[in-house]
Amino acid sequence: SPMLKIYQKTLSNNLSFEGIGLHSGKKSNLLVKPAKEDVGIVFKRVDLDQNNLVVANYKNVTSAKLCTTLENNFGVRISTVEHLLAALYLADIDNAIIEIDSEEVPIMDGSAKEFLEAFKKTKTKILSKKRKYLKIVDKVELIDGEKKISIEPIDNSLEVDFRLNYENKIIGKQKNVINFEIDDLDEVSSSRTFCLFEDIERIKKAGLARGGSLDNAVVVDDNSVMNTGGLRNDKEFVNHKILDLAGDFLLSGYRIIGKVVCYQGGHELTNKFLKKLFNNKSSLKIFENKNIAFSKNVSLKQSSKIAVN
């Protein structure tokens, strides 16, 4: 069983990125800066003089249509945060201040690949405080029409079993199971956002996807992938959904330990689910790891200090 990391981490230096927003079509600059322990992930809109901090937390999600948008109490927004959050999750970074000069995180190539590569090349700094984990102790499930998501106990990792169900025969009923502690995550991190060609016009009419192109999204028509070079991996569609879920789960403020099964989900379902999870306090335990691997026969109380918020 994998060992959970004990201490919180941040970056050792600033990292900058630039690109265009998928939905706004506007160019934006991003500076990811180190932060102290217990800061978490905080966005700072440097194009604004005041009230410009937006904490990356599920309670601040004001829209989850097509992308995850965070907003503070003053109506200051930051959108399309999920792939950057997924990269921070995969790079094991707990604390960072993210300065950005526009309302939307650049889409880069539509995946978390460029963010993650840069994070991995940079030294991380281990902080003095322990990382807090949220361990699922009882199953929690949310059913929303056709869509379904549940989480149940598992030892020491986040495992995601995701199933798509599209009429489109290229996407179809793709499914995959990823264990974030054990599996190679390269295919997940490099899987791009996708859409159906028939939906593009509708999305653009709604004022979205202004920056979308074949450089940053997989576009599928009735019987083919329109991008030159096709897919990056056989399960790119479902793998991208798993990547989104990892990014959205980081908005819990913890590393979640549990087995997720999701059918036809997305940002909205995940956000509703996090709200339900935190309303089911008895189904979760918040703990810090104390060098002892959890196993079925060790009671949680012996092996950890439980800090319930």
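For the structure, check the block above.
Because the structure is a prediction, the values reported are computed rather than measured.

Glancing now at the sheet that holds strand 6 (residues 61-63). Pairing in this open sheet of three strands is antiparallel, and the strands run 6-7-8 from one edge to the other. The strands lining the two open edges of the sheet, one partner per strand, are strand 6 and strand 8 (77-79). Direction aside, neighbouring strands of the sheet carry axes that sit 35 degrees apart on average. Where strand 6 meets strand 7 (residues 69-71), two bridges bridge the pair, whose relative direction is antiparallel. Note on strand 7: the bridge partner recorded for S63 is T69.

As a further point, take unusual backbone geometry. Negative phi is the rule for most residues except glycine; trans is the rule for most peptide bonds. Positive phi outside glycine occurs at D92, with the angle close to 65 degrees. Summarising the element assignment, D92 is placed in the loop between helix 1 (82-90) and strand 9 (96-100). Positive phi, close to 55 degrees, is recorded for M108, a residue that is not glycine. Along the chain, M108 falls in the loop between strand 9 and helix 2 (113-121). Given a relative accessible area of 16%, M108 falls into the buried group.

In this structure, the largest pocket spans a volume of roughly 1000 Å³. Looking at the largest pocket, it is lined by 40 residues, and the ones nearest its centre are L66, Y166, F194, I203 and K241. Secondary-structure elements contributing two or more residues to the lining of the largest pocket are helix 1, strand 16 (194-196), helix 4 (197-205), helix 5 (236-249) and helix 6 (267-279). Ranked by residues supplied to the lining of the largest pocket, first place goes to helix 4 with five residues. For the lining of the largest pocket, the residue count by class is 17 nonpolar, twelve polar and eleven charged. Surrounding the second largest pocket, 20 residues form its lining, G40, D94, N95, G253 and Y254 being those nearest its centre. Residue composition of the lining of the second largest pocket, by class: nine nonpolar, five polar and six charged.

About the cut-offs
Residues numbered from 1 in each chain as written. Predicted model: local features only at pLDDT ≥ 70, side-chain atom pairs only at ≥ 80, totals over all residues. Heavy atoms only, no water. Pairing = 2+ DSSP bridges. Helix = DSSP H or I, 4+ residues; strand = E, 2+ residues; numbered from the N terminus. Axes fitted to C-alpha atoms, helices over the stretch in contact; angles between N-to-C directions. Buried < 20%, exposed > 50% of the residue type's maximum accessible area, 1.4 Å probe, protein only. 1 Å grid on protein atoms, 1.4 Å probe; cavity = no way out; pocket = protein on both sides within 12 Å on 5 of 7 lines; lining within 4 Å. Points joined across faces, edges and corners; volume = space filled by probe spheres on them. Nonpolar A, V, L, I, M, F, W, Y, C, P; charged D, E, K, R; others polar.

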